[in-house]
There are 2 protein chains.
Amino acid sequence: MSKFHFADRLIEAIKTKKSVVCVGLDPRLDKIPEFIRDKHFKKHAKFPFLAASEAILEFNKGLIDAVKDVAVIVKPQIAFYEMFGAEGISCFIETMKYAREKGLLTIADAKRGDIGTTAEAYAKAFLGKVKVGDNEQEIFGADSITVAPYLGYDGIKPFVQECKVNGKGMFVLVKTSNRSSGDLQDLFVEKTEKNAAQPAFHIMAQYVDSWGAEDVGESGYSCVGAVVGATYPSQAVELRKLMPNAIFLVPGYGAQGGTAKDVVGCFNKDGLGAIVNSSREICFAYEKSEKYSAENYAEAAKEAAEKMRDDIASVL
Amino acid sequence: MSKFHFADRLIEAIKTKKSVVCVGLDPRLDKIPEFIRDKHFKKHAKFPFLAASEAILEFNKGLIDAVKDVAVIVKPQIAFYEMFGAEGISCFIETMKYAREKGLLTIADAKRGDIGTTAEAYAKAFLGKVKVGDNEQEIFGADSITVAPYLGYDGIKPFVQECKVNGKGMFVLVKTSNRSSGDLQDLFVEKTEKNAAQPAFHIMAQYVDSWGAEDVGESGYSCVGAVVGATYPSQAVELRKLMPNAIFLVPGYGAQGGTAKDVVGCFNKDGLGAIVNSSREICFAYEKSEKYSAENYAEAAKEAAEKMRDDIASVL
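Source: prediction; values computed, not measured. (Residues numbered from 1 in each chain as written. Chains lettered and ligands numbered in written order. Predicted model: local features only at pLDDT ≥ 70, side-chain atom pairs only at ≥ 80, totals over all residues. Heavy atoms only, no water.)

### Re the overall build of chain A
Helix and strand counts for chain A stand at 13 helices and twelve strands. Once the C-alpha set of chain A is aligned to its principal axes, its extents read approximately 65 × 55 × 40 Å. Taken over 316 residues, chain A has a buried fraction of 63%. Accessible surface for chain A amounts to roughly 12000 Å². Of this, 49% is attributable to carbon and sulfur atoms. (Helix = DSSP H or I, 4+ residues; strand = E, 2+ residues; numbered from the N terminus. Buried < 20%, exposed > 50% of the residue type's maximum accessible area, 1.4 Å probe, protein only. Areas by Shrake-Rupley, 256 points an atom, 1.4 Å probe, with all protein chains shown as cover.)

Right under this line is the structure:
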């Protein structure tokens, strides 16, 4: 399989590690073990936002080291970094870099979506390189990004372009895991000359299928994937049929209530085609553990990731 | 009128300045006058991304000084800052701060949209304060933000909450100005027990109306506004009826082809209820001017903003 195409790289990692685990790196400062926080807040007493960012980075590195052989991909949610301003963005960038150094693929969970030159700017910053004078460099260095589709294809095209040029991937929101996802996504669309009557998220799925058709890797999967929540298992089965070549990024497993059984429908018959995300239940596993203390948060995370890997493998 | 509520503050500024002009601060490095670029690239020869960010900040400050009595609000598009990494984010923050110091209201054009604690993190970072230990501070210090609605109310609620607590505002994407906006927004939704058959963006408009109903200011306008493109004038007329209390943020005037006549439908009969954005045609007015050189880019921008103000006033 191609060592360049994002989907091929991901499928290869899934086969090698026998895992479909995606670890969501969504740090909450108050949940980071005190021994880490204290160190950085003593060092940067006058710069709390720098201290917070450095504490998060140390915490993340510990997690990455622990899960690198169990997870195939990590997904830092940029909101939890951006909230600390420029220092937080540096921490996000360093986290992405460290994960890649440790052999993990990365998803920038940024849900960007805009048009024209704005979408191009996002796409280059996350998936490509930004040029300033003679200098051209990666900014976020992500292998893939989540994208919001409200603006239609204008907002998608620049990302597809960067995916093709740089061997990167994207996951378009199709059916999200949250309770009110139906407000817009489940609206029932009238029959037209082209289409049967169906919910809006079905139409979105058909777009995703067509947007990705021009860049399918040797694995049979495209650079354009889809976000499909574990909390709507019957919809996932419908979506799997509508997007046979799309890799599903599946949130909602664990803390949000989705079980291994709920995610089965996101996979193709060969047991491939989806990655399943868990954030809190892995990163902060130590909090609920009787076996591990805060000092051993990384070991607790590793055990939780292994448990998740095996839980999902048992139903595929 | 309340000096706290976002809509009241905006309507007050519109009445005082007799202007509905929003200036989009979307810097493109290659369009920033050479004399500004050279200065910063000489100073930071080894740090091109810092140099770029400082050049942009100087350019923006010149624009803000020039348009502060003509425009009511400025709208930096965060993509054009984020693309330079942490330095770019610092530049974005400094731009927002400078605009507010000069008496301008601000929109962070970030089109954020996520769920639960993630949306809370975004809302606090852009519209509220972030707490770290005993320290609590504004990060982006925006008066308002653009928000993407694909995830439904879960993604909206945390922003409404911050708006209410802090006297801030938000603009939800309803009908965007781009060519493919109809891919999703124009899908025609079947008749239900509650609703007539109608396009999806009408339903989104009804959501916006209801989401904002709980926080209407003395001006009669709500903290929840809507993005409605100037490029779809007949749809704007329909939307004005569906969202009587929402302030419309109207992109698409000028460079994207919208005229003063096209935006009329975005306003209520009293000539209020909308702000109209122009980016390129104001910020880079000097490029098309025979009267102004690059050194006088700020004067060129001021004249372009005045022309736009008068152009729209002539039809209201």
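### A few points about the packing of helix H2 (residues 34-43) of chain B against helix H3 (residues 48-67) of chain B
Residues and elements named next belong to chain B. Taken N-terminus to C-terminus, the directions of H2 and H3 make an angle of 145°; their axes are 8 Å apart at the nearest point. For the pair H2 and H3, the sense of crossing is right-handed. On H3, the residues that touch Ile36, Arg37, Lys39, His40, Phe41 and Lys43 of H2 are Pro48, Ala51, Ala52, Glu54, Ala55, Glu58 and Phe59. Partitioned by chemical class, the residues of the contact of H2 with H3 number seven nonpolar, one polar and five charged. (Axes fitted to C-alpha atoms, helices over the stretch in contact; angles between N-to-C directions. Left-handed = near helix turned anticlockwise from the far one by under 90°. Contact = heavy atoms within 4.5 Å. Nonpolar A, V, L, I, M, F, W, Y, C, P; charged D, E, K, R; others polar.)

### Regarding the interface of chain B and chain A
On the side of chain A, 66 residues touch chain B, which itself brings 66 residues to the contact. Taken over both partners, the interface formed by chain B and chain A buries close to 5200 Å², and the fraction arising from carbon and sulfur atoms is 66%. Put simply, Asp114 of chain A and Lys111 of chain B hold a salt bridge, and the shortest N to O gap is 2.8 Å. Looking at side-chain class alone, the side of chain B that touches chain A contains 40 nonpolar, 16 polar and ten charged residues. (Buried area = accessible area lost by both parts, 1.4 Å probe. Salt bridge = Lys/Arg side-chain N within 4 Å of Asp/Glu carboxyl O.)

### Some thoughts on the packing of aromatic side chains
Residues and elements named next belong to chain A. A complete count under the given rule lists 18 aromatic pairs over all chains for this structure. Summarising the aromatic geometry, the rings of Tyr207 and Trp211 are spaced 5.3 Å apart at their centres and angled 5° between planes, so their arrangement reads as stacked. Within this pair, Tyr207 and its partner Trp211 are both found in helix H9 (residues 200-212), separated by four residues, close to a single helical turn. A network of ring pairs unites the aromatic residues Tyr81, Phe92, Phe126 and Phe140 as a single cluster. For Lys175, the ring lying beneath its charged end belongs to Phe201, and the centroid distance is 5.4 Å. (Phe/Tyr/Trp six-rings, centres within 6.5 Å; stacked < 30°, edge-to-face > 60°. Lys NZ or Arg CZ within 6 Å of the ring centre and 35° of its normal.)

### Here we look at the confidence of the model for chain A
Per-residue confidence for chain A gives a mean pLDDT of 96; residues scoring 70 or more make up 100%. Here the predicted complex carries an ipTM of 0.97, next to a pTM of 0.98. (pLDDT = per-residue confidence, 0-100.)

### Here we look at the pattern of salt bridges
Any two side chains of opposite charge can pair if their charged atoms end up close together. Considering all chains together, one arrives at 38 salt bridges over all chains under this definition. A salt bridge links Asp143 of chain B to Arg100 of chain B; the nearest nitrogen and oxygen atoms lie 3.6 Å apart. With Asp143 of chain B in the loop between strand S5 (135-137) and strand S6 (144-147) and Arg100 of chain B in helix H5 (residues 85-101), this pair connects stretches of sequence that are 43 residues apart. The exposure class of Asp143 of chain B is buried, given its relative accessible area of 1%. Each of Arg9, Arg100, Glu138 and Asp143 of chain A takes part in one network of salt bridges that share partners.

### Details of the environment of Asp183 of chain A
Looking at the secondary structure, you find Asp183 of chain A in helix H8 (residues 182-185). With near-sequence residues (within four places) excluded, Asp183 of chain A lies in contact with Gly152, Tyr153, Tyr207 and Trp211 of chain B.

### Regarding the relation of the copies chain B and chain A
For the pair chain B and chain A, the best superposition has an RMSD of 0.0 Å and corresponds to a rotation of 180° with a translation of 0.0 Å parallel to the axis. In symmetry terms, the pair is related by a two-fold rotation axis. Comparing interface residues between copies, 100% of those in chain B also lie at the interface in chain A; the contact surface is shared. (Least-squares fit on C-alpha atoms with pLDDT ≥ 70 in both.)

### Regarding the pairing of strand S6 (residues 144-147) of chain A
All names here are of chain A. Both faces of S6 are covered, namely the face carrying Ser144 and Thr146 and the face carrying Ile145 and Val147. For strand S3 (residues 105-112) and S6, the ladder comprises three bridges, and the chain directions are parallel. The residue of S6 that forms the bridge with Ala108 is Ile145. Looking at chain direction, S6 and strand S7 (residues 169-175) are connected through four bridges and run parallel. Looking at the pairing, Thr146 lines up with Phe171 of S7. Regarding the hand of the β-α-β motif, the stretch spanning S6, helix H7 (residues 157-166) and S7 is right-handed. (Pairing = 2+ DSSP bridges. Right-handed = clockwise from strand over helix to strand, strands pointing away.)

### A short note on the side chain of Ser53 of chain B
All names here are of chain B. Mapped onto the elements of the fold, Ser53 is located in helix H3. A relative accessible area of 4% means that Ser53 is categorised as buried. Among residues more than four places away in sequence, those in contact with Ser53 are Phe84, Glu87, Gly88 and Cys91.

### As for the sheet that holds S7 of chain A
With respect to topology, eight strands assemble into a closed barrel ordered S1-S2-S3-S6-S7-S10-S11-S12 (chain A), the strand pairing being parallel. For this sheet the average axis-to-axis angle between neighbouring strands, irrespective of direction, equals 30°.

### Structural notes on unusual backbone geometry
The bulk of non-glycine residues show a negative phi, and the bulk of peptide bonds are trans. Residue and element names in this part refer to chain A. The phi torsion at Lys18 lies on the positive side, around 50°, for a residue other than glycine. With respect to the helices and strands, Lys18 occurs in the loop between helix H1 (6-17) and strand S1 (21-25). Assessed through its relative accessible area of 66%, Lys18 is described here as exposed.

### Quick look at the packing of helix H6 (residues 116-127) of chain A against H7 of chain A
All names here are of chain A. For the pair H6 and H7, interaxial distance at closest approach is 8 Å and the crossing angle is 35°. As H6 runs across H7, the sense of the crossing is right-handed. Across from Gly116, Ala119, Glu120, Tyr122, Ala123, Lys124 and Leu127 in H6, the residues of H7 making contact are Pro158, Phe159, Glu162, Cys163 and Asn166. Residue classes in the contact of H6 with H7 are distributed as seven nonpolar, two polar and three charged.

### Describing the sheet that holds strand S7 (residues 169-175) of chain B
Residues and elements named next belong to chain B. With respect to topology, eight strands assemble into a closed barrel ordered S1-S2-S3-S6-S7-S10-S11-S12, the strand pairing being parallel. Direction aside, neighbouring strands of the sheet carry axes that sit 30° apart on average. With five bridges joining them, S7 and strand S10 (residues 224-228) adopt parallel strand pairing. Pairing of Phe171 across the sheet is with Gly225, part of S10. Where helix H6 (residues 116-127) meets the sheet, its contacts fall on strand S3 (105-112), S6 and S7, and the angle it forms with S3 comes to roughly 160°. Taken strand by strand, helix H13 (residues 297-313) contacts strand S1 (21-25) and strand S12 (274-278), and its axis lies near 140° from that of S12.

### What to know about helix H10 (residues 233-242) of chain A
All names here are of chain A. Taken together, the buried positions of H10 are Gln235, Ala236, Leu239 and Arg240. The arc that holds every buried residue of H10, seen down its axis, measures 145°, which confines them to one face. Those residues of H10 that are buried are in contact with S7, H9, strand S10 (224-228) and strand S11 (248-250). (Arc of directions from axis to C-beta.)

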